[in-house]
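Structural features, examined
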Protein chains: 2
Amino acid sequence: MTTEQLVKQIKSKKSFLCVGLDADLTKIPQHLLNAEDPVFEFNKAIVDATHHVAVSYKPNIAFFEAYGIEGWKSLKKTIDYINEKYPEIFTIADAKRGDIGNTSKMYAKAFFEDLDFDSITVAPYMGKDSVEPFLGFEEKHTILLALTSNEGAFDFQTKTVDGKELYKQVLEISKTWVNSQNLMYVVGATKAEYLADIRSIVPDSFLLVPGVGAQGGSLLEVCKYGMTGNVGLLVNSSRGIIYASNESDFAEAAKAEAERLQKQMQDIMIDAGI
Amino acid sequence: MTTEQLVKQIKSKKSFLCVGLDADLTKIPQHLLNAEDPVFEFNKAIVDATHHVAVSYKPNIAFFEAYGIEGWKSLKKTIDYINEKYPEIFTIADAKRGDIGNTSKMYAKAFFEDLDFDSITVAPYMGKDSVEPFLGFEEKHTILLALTSNEGAFDFQTKTVDGKELYKQVLEISKTWVNSQNLMYVVGATKAEYLADIRSIVPDSFLLVPGVGAQGGSLLEVCKYGMTGNVGLLVNSSRGIIYASNESDFAEAAKAEAERLQKQMQDIMIDAGI
């Protein structure tokens, strides 16, 4: 998917909501455990209930790998279902991969070719040649970790490197890489005030913003500092939507919560004249 | 596996060789492609041919995920085969994972419980709470990326952070984390001269050293700067061993190359009085 197609969808749905698919067998409604593939059935129900207000789905790969071969089957069924039924929706493999060149190339093949995701999250620690193999795919996007939403972000990411915080170095240096136009960045919502600085380095790039809701970030703050003329944001909510209820009404509850967030986003977009 | 058991195996085999299992269908002997599971058949042959001189196997997870569900099945069969037939051998999931706490916990479950690896490689960028979920498993080891063997290592890892290179900050800060006794570190062989500095920070920790062979590192240099009284090193060779031949004699060629490296290691251990 091109960035233009993503922007078009955002403007048409008046939404920049990404729904994180982190299905945990201990947390999903227990009646689903009788299904042949509970994780897929859960994801399918969430997707069907929220696709009209979500522009992106973000399966969290750990939550599939934890169930081994069965989990990988659920992942394949989930991404195939989204790609077939809702092809306009931007898909993110939240995988946080990154390795030496020939290995990153295999991860790119796994997520861009075999599973046909539109994008993947990638860790920057190993530098240029660990990220460029992902960037070479046309109409695919690499979402590089810049400033994450967890407490451990302060261990290294915000430390000063050559006069500038590490996450800013990641932003600046990554702009020099081949096919950097295919880069997006992860920026946690719990640090919305950092977004103004980030926008001074990457004024137009899309930012994937986790941490609204369960992790305490504010949507208004994120938009105040991070929104561009094309919105330029994908705001993710995982647990707040998918576990809005853990009873048989979970899909309806997810729908209501997704619609509530979309309404806030719509108001913000209207206020911003987008 | 405990560190003591690993050291015992190293001393008994007079070897600290780790064999990387990066089976690529375009590179393995083409007669294997007729097998039901070519990746597993290749790995099994390599393991059977080298187990007497290898103390560790390191399946590179990307090379399995690139083949989707079939790849995950090959991974499961490969690790089960090693664990059943050669339980004394230390297994490493070269996965380079790392995410927020509840997600890292799922990755730990995937690799330590479902697949029963002895260890996993983990990226440090997201800090303490992204690594500690791995450290909580008894008799399991977390191999944190410190200084990798690729060119991109110089993009961020060797940059100065608060007066000290980032990879040294990673070493120092990680020592303060809960269950840090379960940490090992990845240190690339292409930068052997850095090992003296690294040993001043982590004098006793095991180091996983990739980059000997195909990537140009020298075994002697690595040992000169990095070896401890318990060896403290796992030196990995992947392509140099597994692709020593791509004809029907590939297993014999892998055996010969693994034995050649073990002989060098034995000489070094004898010289060091271990």
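Residues numbered from 1 in each chain as written. Chains lettered and ligands numbered in written order. Predicted model: local features only at pLDDT ≥ 70, side-chain atom pairs only at ≥ 80, totals over all residues. Heavy atoms only, no water.

**Section: the interface of chain A and chain B**
- Taken together, the contacts link 57 residues of chain A with 57 residues of chain B.
- In this assembly, chain A packs against chain B so that about 5000 Å² is buried in total across both faces, 63% of it on carbon and sulfur atoms.
- Its largest share of buried area at the contact with chain B, chain A owes to Met-106, Tyr-125 and Phe-156 of chain A, together 18% of the area lost on that side.
- Here chain A and chain B share 4 salt bridges between them.
- Between Asp-99 of chain A and Lys-96 of chain B there is a salt bridge, and its shortest N-O distance comes to 2.8 Å.
- Inspection of the chain A/chain B interface yields 24 residue pairs in polar contact (both at pLDDT 80 or more).
- For the side of chain A that touches chain B, a count of residues per class yields 26 nonpolar, 14 polar and 17 charged. (Contact = heavy atoms within 4.5 Å. Buried area = accessible area lost by both parts, 1.4 Å probe. Salt bridge = Lys/Arg side-chain N within 4 Å of Asp/Glu carboxyl O. Polar contact = N/O pair within 3.5 Å; in protein donor to acceptor, adjacent residues only side chain to side chain. Nonpolar A, V, L, I, M, F, W, Y, C, P; charged D, E, K, R; others polar.)

**What about the packing of aromatic side chains?**
Residues and elements named next belong to chain B.
- Using the criterion set out here, one finds 21 aromatic pairs over all chains in the structure.
- Measuring from ring centre to ring centre gives 5.7 Å for Tyr-167 and Tyr-194, while their planes differ by 65 degrees; the resulting arrangement is edge-to-face. Here Tyr-194 lies in the loop between strand 8 (183–187) and helix 9 (195–201) and Tyr-167 lies in helix 8 (residues 166–174), a separation of 27 residues in the sequence. Like Tyr-194, Tyr-167 is buried. (Phe/Tyr/Trp six-rings, centres within 6.5 Å; stacked < 30°, edge-to-face > 60°. Helix = DSSP H or I, 4+ residues; strand = E, 2+ residues; numbered from the N terminus. Buried < 20%, exposed > 50% of the residue type's maximum accessible area, 1.4 Å probe, protein only.)

**Here we look at the layout of surface pockets**
Residues and elements named next belong to chain A.
- One number sums up the size of the largest pocket: a volume of about 300 Å³.
- Lining the largest pocket are 17 residues, and of these Gln-181, Leu-183, Asp-204, Ser-205 and Phe-206 lie nearest its centre.
- At 3 residues, the largest contribution of residues to the lining of the largest pocket is made by strand 8 (residues 183–187).
- Classifying every residue of the lining of the largest pocket by side-chain character gives 7 nonpolar, 8 polar and 2 charged. (1 Å grid on protein atoms, 1.4 Å probe; cavity = no way out; pocket = protein on both sides within 12 Å on 5 of 7 lines; lining within 4 Å. Points joined across faces, edges and corners; volume = space filled by probe spheres on them.)

**With respect to the sheet that holds strand 3 (residues 90–97) of chain B**
Residues and elements named next belong to chain B.
- Around the barrel, which closes on itself, the 8 strands sit in the order 1-2-3-4-5-8-9-10 with parallel pairing between neighbours. Taking the axes of each pair of neighbouring strands and ignoring which way they run, one obtains an average angle of 30 degrees across the sheet.
- Pairing geometry for strand 1 (residues 17–21) and strand 10 (residues 233–237), over 3 bridges, is parallel. Paired with Leu-17 across the bridge in strand 10 is Val-235.
- Contacts between helix 4 (residues 68–85) and the sheet are confined to strand 1, strand 2 (56–59) and strand 3, with strand 3 contributing the most and set at about 150 degrees to the helix.
- Sheet contacts for helix 8: strand 5 (141–147) and strand 8; angle to strand 5, the most-contacted strand, approximately 150 degrees. (Pairing = 2+ DSSP bridges. Axes fitted to C-alpha atoms, helices over the stretch in contact; angles between N-to-C directions.)

**A look at helix 6 (residues 128–135) of chain B**
- Where helix 6 of chain B is concerned, the buried positions are Ser-130, Val-131, Pro-133, Phe-134 and Leu-135 of chain B.
- Those residues of helix 6 of chain B that are buried are in contact with strand 3, helix 5 (101–114), strand 4 (119–122), strand 5 and strand 8 of chain B.

**What about the side chain of Ser-74 of chain B?**
All names here are of chain B.
- Turning to its location among the elements, Ser-74 is positioned in helix 4.
- Owing to a relative accessible area of 3%, Ser-74 belongs among the buried residues under this scheme.
- A distance of 2.8 Å separates polar atoms of two side chains, one belonging to Ser-74 and the other to Asp-37.
- Excluding anything up to four places from it in sequence, Ser-74 contacts Asp-37, Val-39, Phe-40 and Phe-64.

**Looking at the UniProt feature "active site" (unreviewed entry) in chain A**
- The feature "active site" (unreviewed entry), as given by UniProt, occupies Lys-96 of chain A in the numbering adopted here.
- Tracing the chain through its elements places Lys-96 of chain A in strand 3 (residues 90–97).
- Using a relative accessible area of 7% as the deciding quantity, one classes Lys-96 of chain A as buried.
- Those residues in contact with Lys-96 of chain A that sit more than four places away from it in its chain are Thr-121, Val-122, Ala-123 and Leu-145 of chain A together with Lys-96, Gly-98, Asp-99 and Met-126 of chain B. (UniProt positions renumbered as here; feature names shortened; annotations may be inferred.)

**Structural notes on the packing of helix 2 (residues 38–50) of chain B against helix 12 (residues 250–271) of chain B**
All names here are of chain B.
- At their nearest, the axes of helix 2 and helix 12 sit 8 Å apart, and the two run at 40 degrees to each other. For the element pair helix 2 / helix 12, the angle class is oblique. Crossing of helix 2 over helix 12 shows right-handed handedness. Only Phe-250, Ala-251, Ala-254, Lys-255 and Ala-258 of helix 12 make contact with helix 2, whose side of the interface consists of Phe-42, Ala-45, Ile-46, Ala-49 and Thr-50.
- Among the residues forming the contact of helix 2 with helix 12, the class breakdown is 8 nonpolar, 1 polar and 1 charged. (Parallel < 35°, antiparallel > 145°, perpendicular 65-115°, else oblique. Left-handed = near helix turned anticlockwise from the far one by under 90°.)

**As for the nonpolar core**
- Within the largest apolar cluster, 213 residues are counted, with the highest numbers of intra-cluster contacts made by Phe-16, Phe-111 and Leu-233 of chain A together with Phe-16, Phe-111 and Leu-233 of chain B.
- Dropping the residues within four chain positions of it, Phe-111 of chain B is found in contact with Glu-65 of chain A together with Ile-61, Trp-72, Ala-93, Ala-95, Arg-97, Asp-116, Phe-117 and Ile-120 of chain B. (Core = buried A, V, L, I, M, F, W, Y, C linked by side-chain atoms within 4.5 Å.)

**Brief notes about the pairing of strand 1 of chain B**
Residues and elements named next belong to chain B.
- Most of strand 1 sits inside the fold, with 5 of its 5 residues counted as buried.
- Here strand 1 shows a buried face lined by Leu-17, Val-19 and Leu-21 and a second buried face lined by Cys-18 and Gly-20.
- Sheet topology note: the strand 1/strand 2 ladder contains 4 bridges and is parallel. Residue Leu-21 lies in a different strand from strand 2, and its bridge partner there is Pro-59.

**Some words on the environment of Gln-264 of chain B**
Residues and elements named next belong to chain B.
- Following the sequence through the fold, Gln-264 ends up in helix 12.
- Residue Gln-264 is classed as partly exposed on the basis of its relative accessible area of 30%.
- Sequence separation between Gln-264 and Lys-14 is 250 residues; the distance between their C-alpha atoms is 9.7 Å.

**Some remarks on the relation of the copies chain A and chain B**
- For the pair chain A and chain B, the superposition axis carries a translation of 0.0 Å, the fit reaches an RMSD of 0.0 Å, and the rotation angle comes to 180 degrees. The two molecules are tied by a two-fold rotation axis, judged by turn and shift. Taking C-alpha positions as reference, the residue of chain A nearest the rotation axis is Val-161 of chain A, located at 2.3 Å.
- Residue by residue, 100% of the interface of chain A is reproduced at the interface of chain B, so both copies engage with the same surface. (Least-squares fit on C-alpha atoms with pLDDT ≥ 70 in both.)

**Considering the sheet that holds strand 1 (residues 17–21) of chain A**
Residue and element names in this part refer to chain A.
- Taken together, 8 strands build a closed barrel; the order of strands is 1-2-3-4-5-8-9-10 and the barrel is parallel. Strand-to-strand twist across the sheet, computed as the mean angle between neighbouring axes with direction ignored, equals 30 degrees.
- Of the strand pairs in this sheet, strand 3 and strand 4 (residues 119–122) are connected by 3 bridges, and their pairing is parallel. Counterpart to Arg-97 in the pairing with strand 4 is Val-122.
- The strands touched by helix 10 (residues 219–226) within the sheet are strand 9 (207–209) and strand 10 (233–237), with strand 10 carrying the most contacts at an inclination of about 165 degrees.

**Focus on helix 12 of chain B**
Residue and element names in this part refer to chain B.
- Relative to the 32 Å expected for 22 residues at 1.5 Å per residue, helix 12 spans 32 Å between its end C-alpha atoms, a close match to the ideal helical length.
- Turning to helix 12, its buried residues number three or more, namely Phe-250, Ala-251, Ala-253, Ala-254, Glu-257, Ala-258, Leu-261, Gln-262, Met-265, Ile-268 and Met-269.
- Next to the buried residues of helix 12 lie helix 1 (3–13), strand 1, helix 2, helix 10 (219–226), strand 10 and helix 11 (239–242). (Expected span 1.5 Å × (residues − 1).)

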